[in-house]
Amino acid sequence: MSPEQTSLLQGTLDLLILKSLRAGEMHGLGVSRRIEQLTGGTFVVKPGSLFPALHRMEEEGWISAFWGESENNRRAKYYRLSKAGEKQLEAETKRWSRISLAIGQALEAS
Amino acid sequence: MPLLVKAGSFLRNLFLTRRVDADLDQEVHSHLEMLIEEKMRAGITPAEAQRAARIELGGVAQVQEQVREERLGSWLHSAWSDCRYGLRHLRRNPGTTAVMVFTLALGIGASTAIFSVVYCVLLRPLPYAHANRIVAVFEVTSHGQPSRLADPNFDDFRDQSRSFEAIAKYDNYVTSVSGATQPTRTMVADISPAFLRVFGVQPLLGRDFSDDDAKKGAGRSALVSYGYWRQNLGAPADLSQSHLRIDGAMYSVIGVLPAGFRFPADVDLWLPADLNGEGQSRTSHNYSAVGRLRSGVTVAQANQDISAIARRIHDTSSEQGDYLLKDAMVLPLQRSLTGKARLPLLVLLGAVGFLLLVACANVANLLLAQASVRARELAIRSALGAGRGRLIRQFLTEAFLLSLVGGALGVLGAFWGVAGLVALAPGDLPRIESISISIPVLLFALLLSTAVAVGLGASTAARATSGDLRQGLVEGGRGQADSRGSRRLGQVIVAAQIAITLALVVGAGLLGRSLMRVLEVNPGFRVDKIVAMDVSLPWVNDPNAKAGQAIFYANLIERLRQIPGVRNVGAASALPLAEGGLPDGMFLLMTPDEVPKTVDDFGALSQQKERIGIADFCVASNGYFQVLGIPLIRGRIFDEHDGGNSLHVAVISESLARERWPNQDAIGHTIEFGNMDGDLRLLTIVGIVGDTREYGLDAPPRPTVYVDLFQRPSPAITIAMLSDGDTRSVTAAARGILQEMNPELPAKFQTFSQVYSASLGSRRFNVVLIGFFGLVALLLATAGVFGVMAYAVNRRTHEIGVRVALGAGSGDVLRMVIAEGMRAILIGVGIGIVGALVLTRTVQSLLFGVTSTDPLTFGAVTLLLVGTALLACLVPARRAMKVDPMVALRYE
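What counts, and at which threshold
Residues numbered from 1 in each chain as written. Chains lettered and ligands numbered in written order. Predicted model: local features only at pLDDT ≥ 70, side-chain atom pairs only at ≥ 80, totals over all residues. Helix = DSSP H or I, 4+ residues; strand = E, 2+ residues; numbered from the N terminus. Rg over C-alpha atoms; globule rule 2.2 N^0.38 Å. Contact = placed C-beta atoms within 7 Å. Core = buried A, V, L, I, M, F, W, Y, C linked by C-beta atoms within 7 Å. Buried ≥ 20, exposed ≤ 12 C-beta atoms within 10 Å, placed from the backbone. Domains from an automatic or database assignment. Nonpolar A, V, L, I, M, F, W, Y, C, P; charged D, E, K, R; others polar. pLDDT = per-residue confidence, 0-100. Pairing = 2+ DSSP bridges. Axes fitted to C-alpha atoms, helices over the stretch in contact; angles between N-to-C directions. Parallel < 35°, antiparallel > 145°, perpendicular 65-115°, else oblique. Left-handed = near helix turned anticlockwise from the far one by under 90°.

Chemist: Looking at this structure, I do not really get the overall build of chain B. What am I missing?
Modeler: Within chain B one finds 27 helices and 23 strands. Rg of the C-alpha trace for chain B: 38 Å, well past the compact-globule value of 29 Å for 892 residues, more than 25% over. The dimensions of chain B, computed from C-alpha atoms along their principal axes, are 135 × 80 × 55 Å. The contacts of chain B with a sequence gap of at least 6 include a subset with a gap of at least 24, amounting to 84%.

Below is the structure:
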């Protein structure tokens, strides 16, 4: 993955993770599948990107983690959106709409 | 709130590393398990599901490493683990590590020691308030040389310039002082009243000179140094009872200067100048001068200012001629004080910098060799998810560990080295007493170590982490693909090392040959077996008093002759090579009926070019020529018939006879040289003696006029005793005789060989140090060549084995290895010669009797270097010859 792609995806990835967790607490694999589902398969998040992002966001205080049981009674680490995370999601969403609107206008202009 | 969370994570990452890691490990593993279950649910076999899941995950260890790098404080964590890992690695190769640390310690230590000298002598500001505003003021002679100032010229600078807050003249000399605890020979300075204001200094006790103190006929007053006040005056708080007999006259002490103020160097007493009235001549350069620039005035502005005044004087003065100023200039005082020491010290700093580079090159080569052995380890770390940045950091960390330990050891060594440097340094090195390892010097050492670490780490890392690291795994850990590149880099380093060493050794060779040439010079006088005794009597002008001094000298010399072991005794106003030297001036050729009545009439006569001669003026006794072995060429020297009232005679040096009286006999001519001692009687030339190199063996002899000590006694003389006896017993006996004849008269003793040796001090200092650096660089470079070649042969054992198996003879192998080594060496030699040709031009002015491109030195050094390097190649090459093809192939 080239560095430009990573930096472009970084903000997007955070936003998508926050958005997935809005629906409720889930583990890493769940987040990953939820993102695939939300974006209609456009974004496939590899564990190598997902876990660093989850841990970073936990350190930022946007999400919190706890150990729980998976559907198949397996011990799994679950993530849950915090208050700060909700605010962050709001802010990120606004920022993203602004950007996509601007980019859209830019591309439509002749 | 998020801030608290952050801080908590940071601390947890830092201190609960193990738990955090275990947690991560479980999380990734459970993720993998869930992936497998997911795949199996899709209906594929467990084995296939496992495989698909692992591919999707991309490696448990890699994912973990990526998370770790993302964590808060990960840099701290990884720096710490890099350190631990680096230390472990360095400890695993204790021999190599010790060599690298020692090499760096040598380079950094030597550089730090030399820098401490450069810093203390050249860079450290002078210890005065706003010292950068203090300047030395000079007249510029018609030949463009800076010179001291004549009184009326100084007055004009003081009164007409607008650049100075204060400007003062001064003149320092050694004289006899009594009235304190014991008579001493003390350094005294005559100063004009603004002197202390120039330095921004006020007396600690008492008061400064006022303008009235410096007027003609004022009461004699003196300022004393803090040290003199404590040691010789007993540190009285009340100065009213402190009086000193200086140069025969009584002075009251009116002030004590603060501790540490001694300008000019070593002065203990400051007296007002001009108590006997000012000189009127614009061509008698009696004083040095210093000034404090007004705030905001630059040196360039001050230069313009006084230059304009000087040119006005030049255009309007009635005293035209060679001795009248042509211009004037100011120079920052610091520059002016360190002027002569500057170039030799900078050359020394350059030389030690070269040594450091050679040392670093060796360490770089060792690191490189280690790095290619570590190719496998790097491949594994890279496969486990360490990014290139992380690996580069690892190399940098190791380089830092090495150079910081090396630097610390080096600084310890430098403490010891500085003591040696100060002991070895020439006595005339300014500010030498304050040389030490100070805070700025330590900072320099730290900076240097850091620079070395970055250089070494970056070069090793760049080499070791370039290309595809995983090749290291594929090729069975021998890193063959990589080794050719490393080998080439090793050769480049060797070539650079050889080039630098060559330049350094050539420099040392040129300076060494210069010293040898200087020592070969015939100085024109004898040096050994002479004990010199400095004595000063008060300055007198009265003819009767002068006659009394002549009798005193005659008696003293006669009694010194009686000391057992003393063969002969002579005296002169200064011995050759002595500090200060002889005064020089303009004499006039004239016959007895042309003699002027007063000193002032000289002005008019000195306009006539054909009458003028220029020479050093030396007062000497007849024994002086015998003691120093200065040969009489023609005529006679002084004898007992030359009394105070008989015809005044002079002996001149050969070069003066040749220059001033070409194609005729100088003997019998009469000259007027009364401007030197105030005695206007003509001097009849009666003899011609050999030239002496009075101003150093490397300076040409100067034309000299000798006058008879018993006809024209000089107040300060040096008595030279030629003795076969023990120096100490002669000194003791002479001291006893002087004590008996005049208990108030102090004397200073030294052997003439000490004076001779001191005159070569600066030259010897540089030769010894640069020679030492050159030698060490040569050893390091040899070790470097050996190391690279041994490593190369080791790496090529297999290839050589194949060659031998295919029929290569041992001669072919030898040639092949040596050719590989010599190519780098010869390239290095070529670059080194070109570099040296450029660099040695900067030391041109330090050379004597050799040119900066001296073919002999260049040739000899090249041979030496190529020869040594060849030897260093030969050992590994011989090992290559002995490679047994069977063993070499099986080893593979």
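That covers the picture; the talk isn't over yet.
Chemist: In this structure, what is going on with the nonpolar core? I would like to understand it.
Modeler: Residue and element names in this part refer to chain B. Judged by nonpolar contacts, the single largest core of 110 residues is most densely connected at L355 and A777. Top contributing element to this core by residue count: helix α11 (residues 333-373), with 20 residues. Discounting chain neighbours no more than four positions away, the residues touching L355 are G107, A110, L504, F773, V776 and A777. Within the second largest apolar cluster, 63 residues are counted, among which are V569, V619, A620 and I671.

Chemist: How should I be thinking about the interface of chain B and chain A in this particular structure?
Modeler: Interfaces are often sized by the accessible area lost when the parts come together. Across the contact, 22 residues belong to chain B and 19 residues belong to chain A. Elements supplying a minimum of two residues to the side of chain B that touches chain A: α1 (2-15), α2 (17-41) and α4 (60-70) of chain B. The element contributing the most residues to the side of chain B that touches chain A is α2(B), with 8 residues.

Chemist: Quick question: what am I supposed to make of the domain arrangement of chain B here?
Modeler: All names here are of chain B. Domain annotation for chain B reports domain 1 (2-72), domain 2 (142-325), domain 3 (341-520 + 761-891) and domain 4 (538-744). Inter-centroid distance (C-alpha atoms) of domain 2 to domain 4 is 29 Å. If you look at the interface, domain 2 gives 9 residues, while domain 4 gives 7 residues. Looking at the side of domain 2 that touches domain 4 residue by residue, the classes come out as 2 nonpolar, 5 polar and 2 charged.

Chemist: How should the confidence of the model for chain B be read in this particular structure?
Modeler: Predicted coordinates in regions of low pLDDT should not be interpreted in detail. All names here are of chain B. Overall, the prediction assigns chain B a mean pLDDT of 87, with 96% of residues at 70 or greater. Note that pLDDT drops below 50 for residues 476-482; the model gives that stretch 12 contacts with residues more than four away or on any other chain. Reported for the predicted complex are a pTM of 0.77 and an ipTM of 0.84.

Chemist: Looking at this structure, how should I read the confidence of the model for chain A?
Modeler: All names here are of chain A. In the predicted model, chain A carries a mean pLDDT of 83, and the fraction of residues at 70 or more is 90%. The weakest mean pLDDT in chain A belongs to helix α1 (residues 3-22) at 70; the strongest belongs to strand β3 (residues 75-81) at 90. Note on residues 1-8: pLDDT is under 50 here. Beyond four places in sequence and across chains, it has 1 contact.

Chemist: Please explain unusual backbone geometry as it appears in this structure.
Modeler: A negative phi holds for most residues other than glycine; trans holds for most peptide bonds. Residue and element names in this part refer to chain B. F263 connects to P264 through a cis peptide bond whose omega is -10°. If you trace the backbone, P264 turns up in the loop between β9 (249-256) and β10 (269-272). In the Ramachandran plot, L577 falls in the positive-phi region, its phi being about 70° despite a non-glycine side chain. Phi at N663 is positive, roughly 65°, even though this residue is not glycine. In this structure, N663 sits in the loop between α20 (654-660) and β19 (670-672).

Chemist: Explain the pairing of strand β15 (residues 584-589) of chain B here, please?
Modeler: Walk down a regular strand and you will see the side chains alternate between the two sheet faces. All names here are of chain B. Looking at chain direction, β15 and strand β16 (residues 612-620) are connected through 5 bridges and run antiparallel. Counterpart to G585 in the pairing with β16 is A615. As judged from the 2 bridges shared by β15 and β19, these two strands associate in the antiparallel manner. Each bridged residue has a counterpart across the sheet, and for L589 the counterpart in β19 is I671.

Chemist: When you look at the packing of helix α6 (residues 94-123) of chain B against α11(B) in this model, what are you seeing that I'm missing?
Modeler: All names here are of chain B. Orientation of α6 relative to α11, taken along the N-to-C sense of each, is 165°, at an axis distance of 9 Å. With respect to their mutual orientation, α6 and α11 come out roughly antiparallel. Helix-helix and strand crossings are classified by hand; for α6 and α11 the assignment is left-handed. When grouped by side-chain class, the residues that make up the contact of α6 with α11 number 23 nonpolar, 8 polar and 1 charged.

Chemist: In this structure, what is going on with the packing of α2(B) against helix α3 (residues 46-57) of chain B? I would like to understand it.
Modeler: To describe two helices that pack against each other, one gives the angle between their axes and the distance between the axes. Residues and elements named next belong to chain B. Remark: α2 packs on α3, axes separated minimally by 8 Å, with the N-to-C direction vectors making an angle of 130°. As far as their axial angle goes, α3 and α2 are oblique. As α2 packs across α3, the resulting crossing turns out to be right-handed. Contact residues: L32, L35, I36, K39 and M40 in α2; P46, A49, Q50, A52, A53, E56 and L57 in α3. Of the residues contributing to the contact of α2 with α3, the split by class is 9 nonpolar, 1 polar and 2 charged.

Chemist: Please explain the environment of V875(B) as it appears in this structure.
Modeler: Relative to the helices and strands, V875(B) resides in helix α26 (residues 855-881). Along the primary structure V875(B) and A408(B) are separated by 467 residues, whereas in three dimensions their C-alpha atoms are 34 Å apart.

Chemist: What exactly am I supposed to notice about the sheet that holds strand β1 (residues 26-27) of chain A here?
Modeler: Hydrogen bonds between backbone groups are what pair the strands of a sheet, and the pairing can be parallel or antiparallel. All names here are of chain A. Spatial strand order, β1-β3-β2: 3 strands in an open sheet with antiparallel pairing. Looking at strand neighbours, the two that pair on one side only are β1 and β2 (63-69), the edges of this open sheet. As judged from the 2 bridges shared by β1 and β3, these two strands associate in the antiparallel manner. Bridging from a neighbouring strand, M26 pairs with Y79 of β3.

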